[in-house]
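This is what each chain is made of:
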Amino acid sequence: MTTTPASTTGGPALPQERRLVTEIPGPRSRELQARKQAAVASGVGTTLPVYVVAAGGGVLVDVDGNSLIDLGSGIAVTTVGNSAPRVVEAVAGQAAAFTHTCFMVTPYAGYVEVAEALNRLTPGDHEKRTALFNSGAEAVENAVKVARAHTRKTGVVVFDHAYHGRTNLTMAMTAKSMPYKSGFGPFASDVYRAPLSYPYRDAGVTGAEAAARAIDVVEKQVGADNLAALVIEPIQGEGGFLVPAEGFLPALVDWCRANDVVFVADEVQTGFARTGALFACEHDSVVPDLIVTAKGIAGGMPLSAVTGRAEIMDAAHVGGLGGTYGGNPLACAAALAVIETIESDGLVERAAKIGAQMTGRLRALQERDPRLGDVRGRGAMLAVELVRAGTSEPDADLAKRVAAAAHQRGVVVLTCGTYGNVLRFLPPLAITDALLDEACDVLDEAFEVTA
Ligand SMILES: *Cc1c(COP(=O)(O)O)cnc(C)c1O
């Protein structure tokens, strides 16, 4: 394997190994963290303050020369791998040609090509349109704008454990108060919350029953006549990687269709091959009216999109949608390279294979350790929900300690969940089987030392 100097070049040429040469974080990272504390608003937290100088394949290399296994992908963003070769080439070429014109002033082909690709790739073969933005939250907001323009109604239904972002409207849509909302209100109005399907915590409730329960709340507390959109993550992300019971999503879609309510799938975290399908909706054979994408769409360049039925998307008047940077040319070049990489490298299949490999390891661990209450997820979007042994009582402290033990051993893992008791795994799809296996060994050890 090529061993490019780690401090200067990322990409898959980096040695694919876990290598610890200092404690984690090392002295140079600690120095930078002290500068961060003096310079950066403390509201911007850091999960694992190792300062990165290069990343690629399945590893992150820090300023102290440590090479860590990445099971986070910068929160499901570098799905094709960090500095993936096609992305690097496309962005460099675009940067040399032009960096910005504003698509709303003098447009360029890249934006149109990304829209065409999303219209082609997202579920459903109906006529579609796409609009591009910068962040997931911004795209969610725009999906709501479009749904309101189309239905001429205003209400928005979201779900327990939902995460839709940190802007004012999306804070209202997000469920968890701390840290996302607490102290930041008042929030946008006309947002209503319905109960979710959460198989681990409502055992025995079928998907159809959970949907009926949600629909009952919506009909009684909002009324379809007042409702523009129902917005849901097909697998709840920040809320704990909650895969709803089979039949839950299709029943919600049917209800929306019958009641002139726009069904919006927030696939910001689940999208782009992550779950072993290009989009998570496909696992449930669900065709959303609008689909929101971001995170994995452009290999780390800021880009998001709303894609959906032409008649809904075109309801917003000319000039009503957009933004200075939305669909920036560098981000569009990156997105096209990401899509090409997913298609040519078979990354949908790769995600499914990673899922099978890692689920096997996690289930084996669960057999030995009753603190793993639930192992769940799809493809390369996996989680374990941690509880006090013999109960289903959430154990957030254990999640923190296991994550810290993994971090000290050079494996980047993230936590999530309404109760903070979920460890989530989002490896880049460019990770090797050997590295993934080694990361699982480290997880085993992290559970052992926190017994
Ligand atoms: C991350 C996330 C968002 C918000 O995306 P940003 O780019 O951080 O604004 C919205 N929805 C879901 C499901 C997410 O995971």
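The present account deals with the structure reproduced in this document. Treat the numbers as computed from the prediction; the structure is a model and nothing was measured. (Residues numbered from 1 in each chain as written. Predicted model: local features only at pLDDT ≥ 70, side-chain atom pairs only at ≥ 80, totals over all residues. Heavy atoms only, no water.)

1. Observations concerning the pairing of strand E6 (residues 191–194)
Note: strand E5 (residues 155–159) against E6, four bridges, orientation parallel. Bridge pairing in E6 places Val-157 opposite Tyr-192. With helix H6 (residues 168–173) bridging E5 and its parallel neighbour E6, the resulting β-α-β unit is right-handed. (Pairing = 2+ DSSP bridges. Helix = DSSP H or I, 4+ residues; strand = E, 2+ residues; numbered from the N terminus. Right-handed = clockwise from strand over helix to strand, strands pointing away.)

2. Some words on the side chain of Asp-369
On the secondary structure map, Asp-369 appears in the loop between helix H11 (347–368) and strand E11 (372–378). A relative accessible area of 11% places Asp-369 in the buried class. Among the polar contacts made by the side chain of Asp-369, one reaches the side chain of Arg-371 at a distance of 2.7 Å. (Buried < 20%, exposed > 50% of the residue type's maximum accessible area, 1.4 Å probe, protein only. Polar contact = N/O pair within 3.5 Å; in protein donor to acceptor, adjacent residues only side chain to side chain.)

3. Remarks on the sheet that holds strand E15 (residues 422–425)
In any sheet, the strands associate via hydrogen bonds between backbone groups, in a parallel or an antiparallel arrangement. Overall, antiparallel pairing links the four strands, which are arranged E11-E12-E15-E14 in an open sheet. If you trace the sheet from one side to the other, it starts and ends with E11 and strand E14 (414–416), each paired once. Each strand of the sheet is rotated relative to its neighbour by a mean of 25°, with strand direction disregarded. The sheet strands contacting H11 are E11, strand E12 (381–386) and E15, and the helix crosses E11 at an angle near 175°. (Axes fitted to C-alpha atoms, helices over the stretch in contact; angles between N-to-C directions. Contact = heavy atoms within 4.5 Å.)

4. Overview of the pattern of salt bridges
This model, assessed by the stated rule, comprises 28 salt bridges. Here Asp-441 ties to Arg-361 by a salt bridge, and the two come within 2.7 Å at their closest N and O atoms. Within this pair, whereas Asp-441 is found in helix H13 (residues 433–449), its partner Arg-361 is found in helix H11, the two being separated by 80 residues in sequence. Note on Asp-441: relative accessible area 41%, which makes it partly exposed. Residue classification places Arg-361 among the buried residues on the basis of a relative accessible area of 18%. The partner of Arg-368 in a salt bridge is Asp-444, and the shortest N-O contact between them spans 3.6 Å. Within this pair, whereas Arg-368 is found in helix H11, its partner Asp-444 is found in helix H13, the two being separated by 76 residues in sequence. In this structure Arg-368 comes out as exposed when scored by relative accessible area, which is 53%. Classification of Asp-444 as buried rests on a relative accessible area of 14%. Through salt bridges with shared partners, a single network forms among Arg-361, Arg-368, Asp-437, Asp-441 and Asp-444. (Salt bridge = Lys/Arg side-chain N within 4 Å of Asp/Glu carboxyl O.)

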